[in-house]
Amino acid sequence: MSFTSLSHTAQLELLEQLTRTTLSEHYGLDGQAVQMQVQQYEDNAVWRVTPPGRASFVARVSVREGRPAHQQRSEMRWLESLAESRAVPVPGPVTTTDGCYVVPVDVPGHDEPCTLALLHWVPGTAEPPYRQPGVAEQMGTATAHLHQNVATVELSDFDRPVWDAETILLKGHAMNDPTAHQQLGPAGLEALRTVAERITPALQEGGPADRGRIHGDLHRENMISMPDSTTIGIIDFDDCGTGHFLLDIATVLGSVHRIARKEPGAYEHFAHAYLTGYTRVRPLPADFDRLLQPYLLLRDAFVLNFVTAAVPVNEAVATSWGPGRIAGIVASMQDFLAGHPYPGTLHD
């Protein structure tokens, strides 16, 4: 039986057992004794792994079109550098007993290469309470420290995706895959194509000081309010790559706008405090005010790529939030093309 023909639950059960075996064989842990709590299963299957009497880890199995092993090793080296700097809490990698960052996992009936990476668990509370005094500034400071690492630590062999107009828009899944076109509909596809034409010139601006290693998926759910209540940690670097720092900033702002937009002034208050925290560590990228809107649109194009690719293969995405998210982004793009500011845009 092929892996893809299994139900979502059966796939997860198989992956959990394979993970337990890998933990025993490669990490010196008793895989059958650890407690495993599912955190998510979309492109990756992710568990919180807690051995008896020990601190927790994160086990991540890349299942669908995961990054190749050499790119995952680049991710782990960056996480190692960030963890050593102590500027921002991140899940530092755990190597195998013979010093490897990732381990190949043979999944029966699955024709894609799968790998497992083990990381330290970042303690704290996910999805920081953005209204709580000081939290927005802490989120900005954490983002800036992430970007500042580029200026202070050279990783010459960093081999990760480049997140720009070409990879996200022009060559993205939503723009080029027939199954994505069906989900977008003719009007949605036309809106995406027109958006790409309109914003690509702005996305090509910016010099070396505005670009470098970025998280790539820095929404609020990938931030952690640390137990000391004075620091924000950052998790889930699976989409890390190189690109304009504004993509990370727009991702944070857009994720908060989605939940704060119905409360008058809440988003604007958050954004001001977040950007204040960022600029205490490093300056904002050049032409921030003018370029924020194109990067908010680029972020949503990134989301369209992910969701339209996930819907055909992941019943959880297809039957819950996926179609609604696609429709919402398409509607926002159409409003933008009609002359309205894009959600998350800041005004003087």
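One can find the structure itself at the top, above this paragraph.
Here the structure is a predicted model, which is why all the values come from computation and not from measurement.

Cut-offs and rules
Residues numbered from 1 in each chain as written. Predicted model: local features only at pLDDT ≥ 70, side-chain atom pairs only at ≥ 80, totals over all residues. Heavy atoms only, no water. Phe/Tyr/Trp six-rings, centres within 6.5 Å; stacked < 30°, edge-to-face > 60°. Helix = DSSP H or I, 4+ residues; strand = E, 2+ residues; numbered from the N terminus. Buried < 20%, exposed > 50% of the residue type's maximum accessible area, 1.4 Å probe, protein only. Lys NZ or Arg CZ within 6 Å of the ring centre and 35° of its normal. Pairing = 2+ DSSP bridges. Expected span 1.5 Å × (residues − 1). Contact = heavy atoms within 4.5 Å. Axes fitted to C-alpha atoms, helices over the stretch in contact; angles between N-to-C directions.

1. Observations regarding the packing of aromatic side chains
To describe a pair of aromatic rings, you give the distance between the ring centres and the angle between the ring planes.
So, step 1. One pass over the structure, following the stated rule, counts 7 aromatic pairs.
So, step 2. Centre to centre, the rings of Trp78 and Phe237 are 5.5 Å apart; their planes meet at 85°, and the pair counts as edge-to-face. With Trp78 in helix H2 (residues 69-85) and Phe237 in the loop between strand E11 (232-234) and strand E12 (241-244), this residue pair connects regions lying 159 residues apart in the sequence.
So, step 3. A relative accessible area of 0% places Trp78 in the buried class.
So, step 4. Pairing Phe306 with Trp321 gives two aromatic rings, centres 6.3 Å apart and planes at 10°, and the pair type is stacked. A residue pair is termed long-range when its members are at least 10 positions apart, and Phe306 in helix H9 (residues 288-310) and Trp321 in the loop between helix H10 (315-319) and helix H11 (322-337) qualify at 15 residues.
So, step 5. Overall, the relative accessible area of 26% leaves Phe306 in the partly exposed class.
So, step 6. On the accessibility criterion, Trp321 (33% relative accessible area) is partly exposed.
So, step 7. One aromatic cluster is present, built from ring pairs that chain together Trp78, Phe158 and Phe237.
So, step 8. Here Arg213 stacks its cationic end above the ring of Phe158, 5.8 Å away from the centre of that ring.
So, step 9. Lying across the ring of Phe245, Arg282 places its NZ or CZ 4.8 Å from the centre.

2. Considering the sheet that holds E11
Pairing between sheet strands relies on hydrogen bonds along the backbone, with the strands arranged either parallel or antiparallel.
So, step 1. Overall, antiparallel pairing links the 3 strands, which are arranged E7-E10-E11 in an open sheet. For this open sheet the edge positions go to strand E7 (125-126) and E11, each flanked by a neighbour on one side alone.
So, step 2. Pairing of E7 with strand E10 (residues 223-225) involves 2 bridges; the strand directions are antiparallel. Following the sheet pairing, Thr125 is matched in E10 by Ser225.

3. Section: helix H8 (residues 266-279)
So, step 1. Look at H8: 20 Å from first C-alpha to last across 14 residues, which is about the 20 Å you get at 1.5 Å a residue.
So, step 2. Looking only at H8, the buried set comprises Ala266, Tyr267, Phe270, Ala271, Ala273, Tyr274, Leu275, Gly277 and Tyr278.
So, step 3. Along its buried surface, H8 packs onto helix H3 (135-152), helix H7 (245-260) and H9.

4. Considerations on the sheet that holds strand E8 (residues 162-163)
So, step 1. Read from one edge of the open sheet, 3 strands run E8-E12-E9, paired in mixed fashion. A strand with exactly one partner marks an edge of an open sheet, and here the two such strands are E8 and strand E9 (211-214).
So, step 2. Bridge count for E8 against E12 is 2 bridges, and the pairing is parallel. Each residue of the ladder has a partner; that of Val162, found in E12, is Thr242.
So, step 3. Those strands touched by H7 are E8, E9 and E12, and its axis lies near 50° from that of E9.

Any link to function would need more than the numbers given here.
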